[in-house]
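# An overview of the molecular structure
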Amino acid sequence: MEKSINRRLLLKLLGAGGALATLRPSLAQTSAQAETPLPSFTGPGPNPYWNGVNPFVVYPQKLPLLRLTDRPVQLETPRHYFRTVFTPNEAFYVRYHLDEIPNEIDLSKWRLKLEGNFARQLEFSLEDLITKFKPVSIAAVNQCSGNSRSRFQPRVAGGQWGNGAMGNALWTGVRLMDLLEAAGVKPGTVQIQFEGLDRGKGPENLGSGRFIKSLDWGDPVLEETILAYAMNGEPLPMLNGFPVRLVVPGKFATYWLKHVTWIRALTEEDKNFWMATAYKVPDTPNGSTTPEDVAAGKVKMVPIGKVNMPVRSFIIDPDGSSPLVVGMPVKVRGIAFSGHGKVVKVEVSTDDGKTWRTALLGPDYGKYSFRTFEFTWRPSTPGTHVIAVRATDEKGNTQPDTPVWNPGGYMWNKIERQEVVVLAAK
């Protein structure tokens, strides 16, 4: 089976003369869906909608997605694409930090380079990665650190994502440790650094024009990390990191670098902007603090890579767009996940959190994957009802009903709610 997958991928990846040109931002088009007026939202309160409020656009290899910005490209996945456990590649969200992203990659020239404190400085072509190493697959959620940032109160700067800056895929590639063992990590290594092909100005005067992230050499996540060359059984879309991207299960997507081309063994801690300054969270159990404590300098901040994604769950249906009817069954469906381990329980409330009942869980695709849930509800009274959902993972973490606040707008996982209208049957 693995050999047949490899042959098929090689044909797709290398068949066109070893080059793939798929993305030209100038070709982005406004979708016809954007002609429909969108609901307004300017704050100062939290965003009341499931997604962020932005126009639909079409990019190469992508269905109409919600555009936050086009330089750098930030595209949010609409709610209905989360009805399945695996997010379609063409609907998978996009988040870049810099505006100069690759439009094409010539696979006859591209090489993955291992540099720095290794016994051997190595280079691998994509064909080498596919044919010379044992392929591994893992289902894992890729979630932007700032997913749901538009919920924060007080509001914070940054992309005002709704809930759609996430996606789940079956990633196939090479174990990072297999590559590191081939190069031979030498004594004195403290971090493993990763760099892709995106470039740009970044925040001024901070040396931020290259997007670079590092993981501690002793971090257990390195054992589960892969360099993925396939996503749901297909080559990666260019906007999601072709030809290979880092998959760091349980961690936020800022460490899931796209177009990975350099892996370095460092003998000193990485002090580049994206590690030392950006993506910091309070060193508190839930990453929460207050604006007052931040302003007073009372808060110790640590890289977000020091924590795993908190447990979360989302109602996908019903979405409140059409009324329900008294006595008629309603399927309350959605997804849940956690960076700490597999979801073992999802509870649904149809009375705004006063009482809870256990939902039926879907198949288990692994501890880092989305897990679907379903609950049948027969509303007995007309009027406005509020459905809520909360998840619990295998480590005993349960979603709170209190909001998070930190200056980066990270780690939101408050219980989600959906208001629905129920009509009388007569």
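Residues numbered from 1 in each chain as written. Predicted model: local features only at pLDDT ≥ 70, side-chain atom pairs only at ≥ 80, totals over all residues. Heavy atoms only, no water.

By the definition in use, this model includes two cavities of 30 Å³ or more. If you trace the largest cavity, you find 19 residues lining it, with Tyr-93, Arg-95, Arg-245, Ala-253 and Lys-258 closest to the centre. Classifying every residue of the lining of the largest cavity by side-chain character gives ten nonpolar, five polar and four charged. There is about 30 Å³ of room inside the second largest cavity. The wall of the second largest cavity is formed by Lys-342, Val-343, Asp-364, Tyr-365, Gly-366, Lys-367, Ser-369, Phe-370 and Arg-371. Its residues placed into classes, the lining of the second largest cavity shows three nonpolar, two polar and four charged. (1 Å grid on protein atoms, 1.4 Å probe; cavity = no way out; pocket = protein on both sides within 12 Å on 5 of 7 lines; lining within 4 Å. Points joined across faces, edges and corners; volume = space filled by probe spheres on them. Nonpolar A, V, L, I, M, F, W, Y, C, P; charged D, E, K, R; others polar.)

The subject of this paragraph is the environment of Trp-262. You can see Trp-262 is positioned in strand β17 (residues 262-266). When near neighbours in sequence (up to four residues on either side) are disregarded, Trp-262 contacts Leu-112, Lys-113, Glu-115, Gln-193, Phe-194, Glu-195, Gly-196, Leu-197 and Arg-199. (Helix = DSSP H or I, 4+ residues; strand = E, 2+ residues; numbered from the N terminus. Contact = heavy atoms within 4.5 Å.)

What follows covers the pattern of salt bridges. Counted under the stated rule, the structure contains 20 salt bridges. Glu-195 is the salt-bridge partner of Arg-199, the closest N and O atoms lying 2.9 Å from each other. Accessibility expressed as a relative area gives 23% for Arg-199, which makes it partly exposed. Taking the shortest distance from any N to any O, the salt bridge between Glu-347 and Arg-390 comes out at 2.8 Å. (Salt bridge = Lys/Arg side-chain N within 4 Å of Asp/Glu carboxyl O. Buried < 20%, exposed > 50% of the residue type's maximum accessible area, 1.4 Å probe, protein only.)

On the basis of which strands lie adjacent, the open sheet formed by four strands has the order β20-β22-β26-β25 and antiparallel pairing. Edge strands, defined here as strands with exactly one partner in the open sheet, are β20 (312-317) and β25 (360-361). Sheet topology places β20 next to strand β22 (residues 330-337); five bridges connect them, and they run antiparallel. The partner of Phe-314 across the bridge, within β22, is Ile-335. (Pairing = 2+ DSSP bridges.)

Caution applies to low-pLDDT parts of the model: their predicted coordinates are not meant to be read in detail. Considering every residue of the chain, the mean pLDDT works out to 93; 92% of them sit at 70 or more. pLDDT under 50 marks residues 21-26. Its contacts with residues more than four places away, or in other chains, come to 18 contacts. (pLDDT = per-residue confidence, 0-100.)

Our focus in this paragraph is the pairing of strand β11 (residues 166-175). With respect to burial, β11 is a largely interior element, eight of its ten residues being buried. For strand β10 (residues 135-143) and β11, the ladder comprises nine bridges, and the chain directions are antiparallel. Bridge pairing links Ala-139 to Leu-170 in β11. Bridging between β11 and strand β14 (residues 226-231) involves five bridges; their strand directions are antiparallel.

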